[in-house]
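One letter stands for each residue in the lines below.
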Amino acid sequence: AEVRAYAAAQYSFFNANRSRIVAPAAPSASALLDSDGSRTAATVSGGSLTSGSIVVSALSRTTTSNIASGVGAGGAAGGGAATAYTDIGDNVSASLTPTTATTGAISVMASSTDGTGSAARVEATAGAGALAAAAGAAVAKGRLSNEVTATLGGALTTTGATTVNAVNSQTGRSDAFGATVAGGLALGVSLAKSAAESRVVANYLAGSNFTGTGLSINATSTGAAHAAAIAGVGGLLAAGSGADADA
């Protein structure tokens, strides 16, 4: 009954103040990280190169933290959904495509990695009530969809090793915590989803001519997605909720 009364009061307040509500235009992580200005690229094209060695490397290191919390109340009831979404789309490329190159060794490397923490860290915690009740859903979703490309081409002559590597090792973690209450009833749904859908490609261009002691072309993706959902907990009376984690 207390949960129902609290929800009714919140709904009445929303209707009474609807005209005063202005929806914020929040920028998304996807819009920021997948824009033209955020592309990471190292490119050498055309012309002739003569050098002891040639290294072309592009590296993107990304860390984001998105934490959302519902309303909490110390004395009676806490209510409120918490939703957090992060979408990372790094575009990383390294390319060496001269007309001709004569050198001792060639290395072309494109890599996308975590920075100081996971590339996509998402956490949602629903409302909490200390004595009576708590109600609310917690939804945390994170997605990694990077494009990592390393390309080699042209008329190449080397006396040493030639390597082309594209590597993605970014990780994502999503955690959802349902409504909790110390003394009464907890209601709510916890949903956590984390996806790693990156594309990693290492290319040797058609029509190229290579003369050397060895050519190694590798594309590696070791990125991981983790998800955890914890349902609402009622301390003394009851808990009615569901939890779903998908990675």
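Residues numbered from 1 in each chain as written. Predicted model: local features only at pLDDT ≥ 70, side-chain atom pairs only at ≥ 80, totals over all residues. Heavy atoms only, no water.

Draft legend 1. Looking closely at the overall build of the chain. Secondary structure assignment for the chain yields two helices and 25 strands. Within the chain, counting contacts between residues at least 6 apart in sequence, those at least 24 apart form 83% of the total. As displayed, the chain has an accessible area near 12,000 Å², and 55% of this comes from carbon and sulfur atoms. (Helix = DSSP H or I, 4+ residues; strand = E, 2+ residues; numbered from the N terminus. Contact = heavy atoms within 4.5 Å. Areas by Shrake-Rupley, 256 points an atom, 1.4 Å probe, with all protein chains shown as cover.)

Draft legend 2. Representation of the sheet that holds strand β17 (residues 171-177) in the model. If you walk across this open sheet you meet the four strands as β4-β10-β17-β23, and the pairing is parallel. Because the sheet does not close on itself, it has two edges, and the strands there are β4 (65-69) and β23 (224-230). Taking each pair of neighbouring strands and ignoring which way they run, the sheet shows an average axis angle of 5°. For strand β10 (residues 120-125) and β17, the ladder comprises six bridges, and the chain directions are parallel. If you follow A124 over to β17, its bridge partner there is A176. (Pairing = 2+ DSSP bridges. Axes fitted to C-alpha atoms, helices over the stretch in contact; angles between N-to-C directions.)

Draft legend 3. Expanded view of the pattern of salt bridges. Applying the stated criterion across every chain, the model contains six salt bridges. Put simply, R121, E123, R173 and D175 are held in one network by salt bridges that share partners. (Salt bridge = Lys/Arg side-chain N within 4 Å of Asp/Glu carboxyl O.)

Draft legend 4. View of the environment of K141. Take K141: it is sitting in strand β13 (residues 138-144). Between the C-alpha atoms of K141 and G172, which are 31 residues apart in sequence, the distance is 9.7 Å. Here K141 is in contact with A84, Y85, T86, V122, S174, L191 and K193, once residues within four sequence places are set aside.

Draft legend 5. Expanded view of the sheet that holds strand β8 (residues 100-103). Taken together, four strands build an open sheet; the order of strands is β2-β8-β15-β21 and the sheet is parallel. What marks the edges here is a single partner per strand, and that holds for β2 (48-51) and β21 (209-211). Sheet twist, expressed as the average angle between the axes of neighbouring strands with direction ignored, equals 5°. Pairing between β8 and strand β15 (residues 155-158): four bridges, direction parallel. Bridging from a neighbouring strand, T103 pairs with T158 of β15.

Draft legend 6. Quick peek at the confidence of the model for the chain. Mean pLDDT over the chain: 75, with 64% of residues reaching 70 or higher. Overall, residues 73-78 carries pLDDT values under 50, and its contacts beyond four positions in sequence, including any with other chains, amount to 22 contacts. (pLDDT = per-residue confidence, 0-100.)

Draft legend 7. Structural context of the nonpolar core. Counting residues in hydrophobic clusters, the biggest one holds 19 residues, and the most contacted among them are L96, I106, V108 and L152. Of all the secondary structure elements, the ones that give two or more residues to this core are β3 (54-62), β7 (91-97), β9 (106-114), β14 (147-152), β16 (161-168) and β20 (199-204). Leaving out residues up to four positions away in the same chain, L152 has contacts with L96, I106, V108, T162, V164, N203, Y204, L205, S208 and L215. Core analysis: the second largest hydrophobic core is formed by ten residues, A84, A124, A138 and A176 among them. (Core = buried A, V, L, I, M, F, W, Y, C linked by side-chain atoms within 4.5 Å. Buried < 20%, exposed > 50% of the residue type's maximum accessible area, 1.4 Å probe, protein only.)

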